[in-house]
Amino acid sequence: MGFAILLLTLFTFMIKDSEVHANPELRALMDLKVALDPEDKYLSSWTIDGEPCDGSFEGLACNDKGQVANISLQGKGLYGKLSPAVAELKNLTGLYLHYNSLYGEIPVELAELTQLSDLYLNVNNLSGQIPPEFGKMENLQVLQLCYNQFIGSIPTQLGSLKKLSVLALQSNQLTGAIPASLGDLSMLMRLDLSFNRLFGSIPTKVADAPVLEVLDVRNNSLSGNVPLALKRLNERFFFGNNLGLCGSGFMHLNECNASNNLNPSRPEPFGPGSTGMPTREIPETANLRLACNQTHCSNSSKSHQASVVVGAIVVTIALCVIGILTFTQYRRRKQKLASSFEVSGNPVITDQAKGVGRKNGSPLISLEYSNGWDPLADSRNFSGNNQEVFQSFRFNLDEVETATQYFSEVNLLGKSNFSATYKGILRDGSAVAIKSISKSSCKSEEAEFLKGLNILTSLRHDNLARLRGFCCSRGRGECFLIYDFVPNGNLLSYLDVKDGDGSVLDWSTRVSIVKGIAKGIAHLHGHKANKPALVHQNITAEKVLIDQRCNPLLADSGLQNLLTNDVVFSAVKASAAMGYLAPEYATVGRFTDKSDVYAFGVIVFQVLSGKRNVTNLVRLGAEACRFQDYLDPNVHGRFFEYEAAKLARIAWLSTHESPDERPSMEAIVQELGNFSSCL
């Protein structure tokens, strides 16, 4: 009997093994899993007897031919290596492994993925050199390798990536010169080489890249004349902390003189020389001094060489001092910022993911605020605790862009007439909703804008959407508000639904939602030591978000304090069209706390009836306690009449024509607190 079981086990293993070998993609995925997740903590859904394209493999998507096309494992806490087996996934178009703790070198076999368009390996612990073989990846559009430990030079072969639009190599340990071949990238829009150890000049060929919109070379050792072509980028050319750069027409740059002007006969790094022939004999980490032939290098130049040596020593000492000060300042800023970005309370986030967030900190190295639109630059506006609070809320544009995959349409959650909202993943792995607001929609007076930001940062309540931070980008002309992502949509999506489709709310959930909304509004209306009394002004079912515990969170609280009057009025018109606007607004033209109470009453009617449009029949039925006239039939009689009658009465009183007859939110919260069955 035991021998038979052994034979059966062996036979089963042989079948599975033959299946794996018959499916090269499955075999590659198993090898990839072992390397990425050596202890099988995070990729347990990837099994040897599974089917990669049936939806069971976490983070995996297939094309219409049943081939693996996308791997999205960002922020999963992975701490292994990238296996060469990934090259067997020949149809892969997207590889997203950012915000993990991967280490080791990039396998050169990765370059065999010629269909790959998006490669995100940023914010890991990867090391070694960037493979020159990447130049073969002809379909690559986005290459994100920033915030790692890469060394060596930037491969000149990257200039062959004709479809590349984003190249992000910042915050590594790259040396050598900027390859002029990058100027051959006809589709390149964003090039970020900041916070490395690059030297030499900025190649004119790169400056002439036809669609280049952003060039960031901050914190390197670049020198020489900045090409005039870069003036067209305006504020999107970042060059700070390169002491050797010079040029006319650039703010904060000195004009070039004879000593720092480039010799016109000197070839650019890795570019065509004066003879028109490529200067490939210059090594990738070359010293860019002109070669010195015997006829021009005589003994008479020794004194000049001595002065150069002395000058070099002085400059080196100065650079060391500046570097120490800059690094110290960066560490302080990083520690302060890193401590402010808490991991989301979303239970999907594992403890390990939280650990990764705390361990690696936050890559907010250089804030996007700068001259032209920096509402926080003047410390006289706010000081002490307020200034410290603002610093802890400030995000960096690079993190916002990376979190949303450069505002990809795939991550777009919704648009309004003044904003767009995207889903994003932060470095700690937590999901966020990022609301983009154009500068033209924000208050123009900095003091008023700051006051509005101060109000937003003061709002903390279990029934208010939590603000994680903000970022004002002068270059993009936008302000970004970063909130915790709320997974279950808004209350509007639970209205006018058909019975049995899974979106019908049971009675206790409806009561809980009403109570939560009331508590959130009451918190806004109340005056606290660190928060003024606020009126929301735009309460609708669409503004009530539902989290994974069916807890309601009121969105856009205090937002009107950032926006221009025109934008606020536009929102008022939309609210009126949906029936949430209190009737007295037409005569007095302003909002009060009783305006919010009116909108709350409309929402209670919507929750009770399950309908988006609250008819007069619903109101009359609530007034007469005729449940059949106003209660959602999808409840199927499973409700408490006492609670239904009391909620209907609260809704009726809250929507009274006269604001004086409406109860306060504090009184409503007390009334709802007397419910016995749903506490």
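The structure we're discussing is the one just above.
Residues numbered from 1 in each chain as written. Predicted model: local features only at pLDDT ≥ 70, side-chain atom pairs only at ≥ 80, totals over all residues. Heavy atoms only, no water.

## Considering the sheet that holds strand E14 (residues 221-225)
Line of reasoning, step 1. Across the sheet, 4 strands lie side by side as E10-E12-E14-E16; this open sheet has parallel pairing. With one partner strand each, in any of the chains shown, strand E10 (175-176) and strand E16 (244-246) form the two edges of the open sheet.
Line of reasoning, step 2. As paired strands, strand E12 (residues 197-200) and E14 are joined by 2 bridges and run parallel to one another. Note that in E14 the partner of Phe 199 across the bridge is Ser 221. (Pairing = 2+ DSSP bridges. Helix = DSSP H or I, 4+ residues; strand = E, 2+ residues; numbered from the N terminus.)

## Describing the nonpolar core
Nonpolar side chains tend to gather and get buried jointly when the protein is soluble and globular.
Line of reasoning, step 1. Ranked by size, the top nonpolar core spans 67 residues in total, and within it Trp 46, Ile 71, Leu 110, Phe 134 and Phe 237 carry the most contacts.
Line of reasoning, step 2. When residues of this core are traced back to their parent elements, those giving at least two are helix H2 (24-36), strand E2 (68-72) and helix H3 (204-207).
Line of reasoning, step 3. Each residue touching Phe 237, except ones within four places of it in the same chain, is listed here: Ile 202, Leu 215, Val 217, Val 226, Leu 230 and Phe 250.
Line of reasoning, step 4. In terms of nonpolar packing, the next biggest core, distinct from the first, is built from 47 residues, Ile 517, Leu 524, Ile 546 and Ala 599 among them. (Core = buried A, V, L, I, M, F, W, Y, C linked by side-chain atoms within 4.5 Å. Buried < 20%, exposed > 50% of the residue type's maximum accessible area, 1.4 Å probe, protein only. Contact = heavy atoms within 4.5 Å.)

## A short note on the layout of surface pockets
Line of reasoning, step 1. Each pocket or cavity is described by its volume, and for the second largest pocket that value is around 980 Å³.
Line of reasoning, step 2. If you trace the second largest pocket, you find 39 residues lining it, with Thr 421, Lys 435, Glu 542, Lys 543 and Asp 556 closest to the centre.
Line of reasoning, step 3. Listed by contribution, the elements that provide at least two residues to the lining of the second largest pocket are strand E17 (412-415), strand E18 (419-425), strand E19 (431-438), strand E21 (478-484) and helix H10 (565-577).
Line of reasoning, step 4. Element by element, the count of residues in the lining of the second largest pocket is highest for H10, at 6 residues.
Line of reasoning, step 5. The residue makeup of the lining of the second largest pocket, split by class, is 19 nonpolar, 14 polar and 6 charged. (1 Å grid on protein atoms, 1.4 Å probe; cavity = no way out; pocket = protein on both sides within 12 Å on 5 of 7 lines; lining within 4 Å. Points joined across faces, edges and corners; volume = space filled by probe spheres on them. Nonpolar A, V, L, I, M, F, W, Y, C, P; charged D, E, K, R; others polar.)

## Let's talk about the state of the cysteines
Line of reasoning, step 1. The tally for this structure, following the rule as stated, stands at 2 disulfides.
Line of reasoning, step 2. Note that Cys 53 is cross-linked by a disulfide to Cys 62, the S-S spacing being 1.9 Å. Disulfide Cys 53 to Cys 62: torsion about the S-S bond roughly -85 degrees, handedness left-handed.
Line of reasoning, step 3. Looking at Cys 53, the relative accessible area reads 30%, which means it is partly exposed.
Line of reasoning, step 4. Across the disulfide, Cys 246 is cross-linked to Cys 256 (sulfur-sulfur distance 1.9 Å). Residues Cys 246 and Cys 256 are joined through a disulfide that is right-handed, its torsion about the S-S bond being 100 degrees. (Disulfide = S-S within 2.5 Å.)

## Description of unusual backbone geometry
Line of reasoning, step 1. Positive phi outside glycine occurs at Phe 195, with the angle close to 55 degrees.
Line of reasoning, step 2. One can find Phe 195 in the loop between strand E11 (190-192) and E12.
Line of reasoning, step 3. Phi at Asp 496 takes a positive value of approximately 55 degrees, unusual for a residue other than glycine.
Line of reasoning, step 4. On the secondary structure map, Asp 496 appears in the loop between E21 and helix H9 (507-525).

## Some remarks on the sheet that holds E18
Line of reasoning, step 1. Read from one edge of the open sheet, 5 strands run E17-E18-E19-E21-E20, paired in antiparallel fashion. Since the sheet does not close on itself, it has two edges, and those belong to E17 and strand E20 (467-473), each with one partner. For this sheet, the mean inter-axis angle between neighbouring strands, taken without regard to orientation, is 20 degrees.
Line of reasoning, step 2. Looking at chain direction, E17 and E18 are connected through 3 bridges and run antiparallel. Within E18, the residue paired with Leu 412 across the bridge is Tyr 422.
Line of reasoning, step 3. Relative to E20, helix H8 (residues 446-458) is tilted by about 160 degrees, and along the sheet it contacts E20 and E21. (Axes fitted to C-alpha atoms, helices over the stretch in contact; angles between N-to-C directions.)

## Quick notes on the packing of helix H12 (residues 593-609) against helix H13 (residues 616-623)
Line of reasoning, step 1. Packing of H12 against H13 brings their axes to within 11 Å, and their N-to-C directions diverge by 90 degrees. Overall, the two elements H12 and H13 adopt an arrangement that is roughly perpendicular. Contact with H12, carried on its side by Tyr 598, Val 602, Phe 605 and Ser 609, involves Val 618, Arg 619 and Ala 622 of H13 and no other residues of that element.
Line of reasoning, step 2. Here the residues of the contact of H12 with H13 sort into 5 nonpolar, 1 polar and 1 charged. (Parallel < 35°, antiparallel > 145°, perpendicular 65-115°, else oblique.)

## Thoughts on the side chain of Thr 402
Line of reasoning, step 1. Its location among the elements puts Thr 402 in helix H7 (residues 397-403).
Line of reasoning, step 2. We classify Thr 402 as buried; its relative accessible area is 1%.
Line of reasoning, step 3. Discounting chain neighbours no more than four positions away, the residues touching Thr 402 are His 98, Tyr 99, Asn 122 and Gln 144.

## Points about the pairing of E14
Line of reasoning, step 1. Bridge count between E14 and E16: 3 bridges; the pairing is parallel. Bridging from a neighbouring strand, Asn 225 pairs with Cys 246 of E16.

## Looking at the packing of aromatic side chains
Here a ring pair, both rings aromatic, is described through the centre-centre distance and the interplanar angle of the planes.
Line of reasoning, step 1. In the structure shown here, the tally under the stated rule is 9 aromatic pairs.
Line of reasoning, step 2. Relative to Tyr 120, the ring of Tyr 96 lies with its centre 5.0 Å away and its plane at 40 degrees, an arrangement referred to as tilted. With a gap of 24 residues between them, Tyr 96 in strand E3 (residues 94-96) and Tyr 120 in strand E5 (residues 118-120) connect regions that are remote in the sequence.
Line of reasoning, step 3. Tyr 120 sits in the buried class, given a relative accessible area of 2%.
Line of reasoning, step 4. Between Trp 507 and Phe 639, the ring centres sit 5.8 Å apart and the planes meet at 55 degrees, which makes this aromatic pair tilted. Here Phe 639 lies in the loop between helix H14 (627-630) and helix H15 (641-654) and Trp 507 lies in helix H9, a separation of 132 residues in the sequence.
Line of reasoning, step 5. Ring-pair connections join several aromatic residues into one group, and the members of that group are Phe 237, Phe 239 and Phe 250.
Line of reasoning, step 6. Above the ring of Phe 238, the side-chain terminus of Arg 218 is found at 5.2 Å from the ring centroid. (Phe/Tyr/Trp six-rings, centres within 6.5 Å; stacked < 30°, edge-to-face > 60°. Lys NZ or Arg CZ within 6 Å of the ring centre and 35° of its normal.)

## Topic: the environment of Ala 465
Line of reasoning, step 1. Examined against the element boundaries, Ala 465 turns out to sit in the loop between H8 and E20.
Line of reasoning, step 2. According to the relative accessible area criterion, Ala 465 is buried, its value standing at 15%.

These values are about where atoms sit, not about what they do.
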